[in-house]
Amino acid sequence: MELAARLKPIKPSATLAISAKAKEMKAQGIDVVSLSAGEPDFPTPEHICEAAIKAIRDGHHGYTAADGMPELKEAVIRKYRRDSGLDYTPAQVVATCGGKHAIYSLAQATLGPGDEVIIPAPYWVSYPPIVMLAGATPVIVQTDRGSGFKMSPDQLREALSDRTKAIIINSPSNPTGGIYTKEELAALAEAAFERDVLIWTDDIYEKLVFEGQQFHTVAALKPEYKDRVVILNGVAKTYAMTGWRIGFLTGPENVARAVAKIQSQSTSNPCTPAQFAAVAALDGTQEPVEEMRRAFDRRRLLIMELLGKLNVTVDPPLGAFYVFPDFSAYLGGRIKDSAGLCAYLLDQAKVASVPGVAFGSEGYVRFSYATSDENIEEAVARLEKSLANLG
Ligand code: GLU
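Now for a quick tour of the structure. The shown structure was predicted, so the numbers you read here are calculated from the model rather than taken from an experiment. (Residues numbered from 1 in each chain as written. Predicted model: local features only at pLDDT ≥ 70, side-chain atom pairs only at ≥ 80, totals over all residues. Heavy atoms only, no water.)

## Here's the deal with the pattern of salt bridges
Basically, it comes down to this: Think of a salt bridge as a Lys or Arg side-chain nitrogen and an Asp or Glu carboxyl oxygen that are within 4 Å of each other. Relative accessibility under 20% of the residue-type maximum defines a buried residue, over 50% an exposed one, and the middle range a partly exposed one, all with a 1.4 Å probe and only protein chains included. Secondary structure elements follow DSSP: runs of H or I no shorter than four residues count as helices, runs of E no shorter than two count as strands, and numbering proceeds from the N terminus.
Taken as a whole, this structure holds 24 salt bridges when the rule is applied. Among the salt bridges present, the one from arginine 82 reaches aspartate 83, with a minimum N-O distance of 3.9 Å. Classification of arginine 82 as partly exposed rests on a relative accessible area of 45%. Across the pair aspartate 83 and lysine 207 runs a salt bridge, and its minimum N-O distance is 2.8 Å. With aspartate 83 in helix α3 (residues 70–84) and lysine 207 in the loop between β6 (198–202) and β7 (229–234), this pair connects stretches of sequence that are 124 residues apart. Owing to a relative accessible area of 32%, aspartate 83 belongs among the partly exposed residues under this scheme. In this structure lysine 207 comes out as partly exposed when scored by relative accessible area, which is 26%. Where salt bridges share partners, they join Lys79, Arg82, Asp83, Glu206 and Lys207 into one cluster.

## Let's talk about the sheet that holds strand β12 (residues 365–368)
The following threshold applies: Any two strands with at least two DSSP bridges between them are considered paired.
Pairing in this open sheet of 3 strands is antiparallel, and the strands run β9-β12-β11 from one edge to the other. In this open sheet, the two edge strands, each paired with only one partner strand, are β9 (322–323) and β11 (354–355). For β9 and β12, the ladder comprises 2 bridges, and the chain directions are antiparallel. Each bridged residue has a counterpart across the sheet, and for valine 323 the counterpart in β12 is phenylalanine 367.

## Digging into empty space enclosed by the protein
Condition: Here a cavity is any set of points on a 1 Å grid over the protein atoms alone where a 1.4 Å probe fits but cannot get out, and a pocket is any open set with protein on both sides within 12 Å along at least 5 of 7 lines; a residue lines the site when it has an atom within 4 Å of a point. Grid points are joined across faces, edges and corners, and a volume is the space filled by probe spheres set on the points. For this classification, the nonpolar set comprises Ala, Val, Leu, Ile, Met, Phe, Trp, Tyr, Cys and Pro, the charged set comprises Asp, Glu, Lys and Arg, and every other residue, Gly included, is treated as polar.
Evaluation of the coordinates by the stated rule reveals 2 cavities of 30 Å³ or more. Roughly 130 Å³ of internal volume is contained in the largest cavity. If you trace the largest cavity, you find 16 residues lining it, with Pro120, Pro122, Asn170, Ser173 and Tyr180 closest to the centre. Looking at the lining of the largest cavity element by element, the count peaks at 3 residues for strand β5 (residues 164–170). Quantified by volume, the second largest cavity comes out at close to 60 Å³. Taken together, Lys79, Asp83, Glu206, Lys207, Asn233, Gly234, Thr238, Tyr239, Phe248 and Leu282 make up the full set of residues lining the second largest cavity. Elements with a minimum of two residues in the lining of the second largest cavity: α3 and β7. In terms of residue class, the lining of the second largest cavity is built from 3 nonpolar, 3 polar and 4 charged.

## Re the site of the ligand
Going by this rule: For each residue, the test is whether any non-hydrogen atom lies within 4 Å of the molecule or strand; if one does, the residue is near. Polar contact criterion, stated in full: a pair of N or O atoms within 3.5 Å, where within protein one must be able to donate a hydrogen and the other to accept it, and residues adjacent in sequence count only if both atoms are side-chain atoms. Cavity and pocket membership follows a simple rule, namely that a molecule belongs there if more than half of its atoms are within 2 Å of the grid points.
What surrounds the ligand is the set Thr15, Leu16, Ala37, Gly38, Lys100, Trp124, Asn174, Tyr205, Lys237, Tyr322 and Arg366. With respect to the ligand, the side chain of threonine 15 contributes an N or O atom lying 2.5 Å from an oxygen atom. One of the side-chain nitrogen or oxygen atoms of lysine 100 is found 3.0 Å away from an oxygen atom of the ligand. Under a 2 Å grid-point criterion requiring more than half of the atoms, the pocket assigned to the ligand is the second largest pocket. Its residues assigned to classes, the shell around the ligand shows 5 nonpolar, 3 polar and 3 charged.

## Here's the deal with the pairing of strand β8 (residues 247–250)
Burial along β8 is two-sided: the residues Gly247 and Leu249 and Phe248 and Thr250 are all buried. Relative to β8, strand β2 (residues 93–96) runs antiparallel, the two being bridged by 4 bridges. Bridge pairing in β8 places valine 94 opposite leucine 249.

## A short note on the nonpolar core
Rules: Throughout this description, the term nonpolar core refers to a set of buried Ala, Val, Leu, Ile, Met, Phe, Trp, Tyr and Cys residues connected via side-chain atoms within 4.5 Å. The criterion used for residue contact is that any of the two residues' heavy atoms lie within 4.5 Å.
Counting 47 residues, the largest nonpolar core has Leu72, Ile118, Leu156 and Ile167 as its most contacted members. For this core, the element with the highest residue contribution is helix α9 (residues 272–283), accounting for 6 residues. Non-local contacts of isoleucine 118, meaning those with residues more than four positions away in its chain, are made with Val139, Val141, Met151, Leu156, Ala159, Leu160, Thr164, Ala166, Ile167 and Ile168. In this structure, Phe210, Leu306, Leu341 and Ala349 belong to the second largest nonpolar core, which totals 41 residues.

## Quick notes on the packing of helix α4 (residues 99–110) against helix α8 (residues 253–264)
Stated precisely, the cut-off is as follows: The angle between two axes is taken between their N-to-C directions and runs from 0 to 180 degrees, where each axis is a line fitted to C-alpha atoms and a helix contributes only its stretch in contact. Our angle categories are set so that under 35 degrees counts as roughly parallel, over 145 as roughly antiparallel, 65 to 115 as roughly perpendicular, and the remainder as oblique.
Viewed as axis vectors pointing N to C, α4 and α8 meet at an angle of 105 degrees, and their least axial separation amounts to 9 Å. When the axes of α4 and α8 are compared, the pair comes out roughly perpendicular. Taking contact as the criterion, the partners of His101, Ser105, Leu106, Gln108, Ala109 and Thr110 in α4 are, on α8, Val255, Ala258, Val259, Ile262 and Gln263.

## Things to note about the layout of surface pockets
Where empty space is left becomes clear once a probe the size of a water molecule has been rolled over the atoms. In this structure, the largest pocket spans a volume of roughly 680 Å³. Around the largest pocket, the lining comprises 28 residues; the ones closest to its centre are Lys11, Pro12, Ser13, Ala14 and Ala358. Taken together, the elements giving at least two residues each to the lining of the largest pocket come down to α1 (14–27), α4, α5 (127–133), α11 (338–349) and β10 (351–352). Examining the composition of the lining of the largest pocket, we find that 5 residues originate from one element, α5, more than from any other. Within this model, the second largest pocket holds a volume of roughly 570 Å³. Contributing to the lining of the second largest pocket are 30 residues, with Leu16, Gly38, Lys100, Trp124 and Lys237 lying nearest its centre. For the lining of the second largest pocket, the secondary-structure elements that each account for two or more residues are α1 and α4.

## Let's talk about the environment of proline 325
Within the secondary structure layout, proline 325 lies in the loop between β9 and α11. Along the sequence, proline 325 and valine 312 sit 13 residues apart, while their C-alpha atoms lie 6.0 Å from each other. Apart from the residues within four sequence positions on either side, proline 325 is in contact with Leu307, Val312, Thr313, Val314, Gly363, Tyr364, Val365 and Phe367.

Rendered as structure tokens:
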């Protein structure tokens, strides 16, 4: 049987595929150190787990509203009031089955054939496939180390066309850890809103910022932006809740209602006990968030220091939990590209990493430092040894 034609250009998520491969190798008894998965290695904080257990014990086993239970929507509304001074109504909020599904449903709700979405590269691996699965065309804007991997307003203006429906901003960025300043975001928004487009801002790493950096969401820069920006977010990265699958989307009411409609015809509500857990995460103490952030910061400095032993160039990431070094000094000889290099490193060093090509930037490799100090030390020591064999 022929599968759907729209699936032909789509590959499985590289981040998930490589993480799964590393897990499979570990299960076979192979001593793999994985710096591939972008997920906190901490357990979900206790009070959040307790809220889910209580929900189960209290009999919350059934469906909730398809777009999320009112208590969770209210917790999301409080979060944005508190953190960003944004005031949303419940009709402008949708709780989704993870941050990725918020993006997927948003694409399904707003895009179709002929539409274009501007995506700065390096980008998170799933943005282009999500756009393509909605029948639309990703328009990639290549950025480089020189600009901190940030798209300039001029680059954006050049990429905008009558077909542009949306622009994706992800700050802090996966995979580079780059953060747009308030001024940079304002300049991008100004360029974007010369046309009738939506900005999609993926704010999933908003709490993971270092070196005194300030996170800003473009939605909060001007009162009128709230109706032109969709914020994509979730509990996964902030509260070490990747497996709970709770995301949330906030934005113009007609967009949120369209996403809710899709959800009512596809997933129904996100897992009910997980929604209770998300309420506890958003409303409860934020102390564990700061503790985890400090641990990531320490590991960030550690991996930066250790990478100094390799022939790579990399600037300190200011957010998220990834480093994205330029490995081009090792390419062009025996190993041609980042995919070949990551395959070699997995095979020889037993270190799992994600090739830059999956993020639209050849020559780079992404390492997640959301893992223990020991793993980071061991991984870089192995890399050093295996890369020496290449030279
Ligand atoms: N966002 C994380 C990553 O980039 C999790 C895996 C995924 O969904 O891509 O590794």
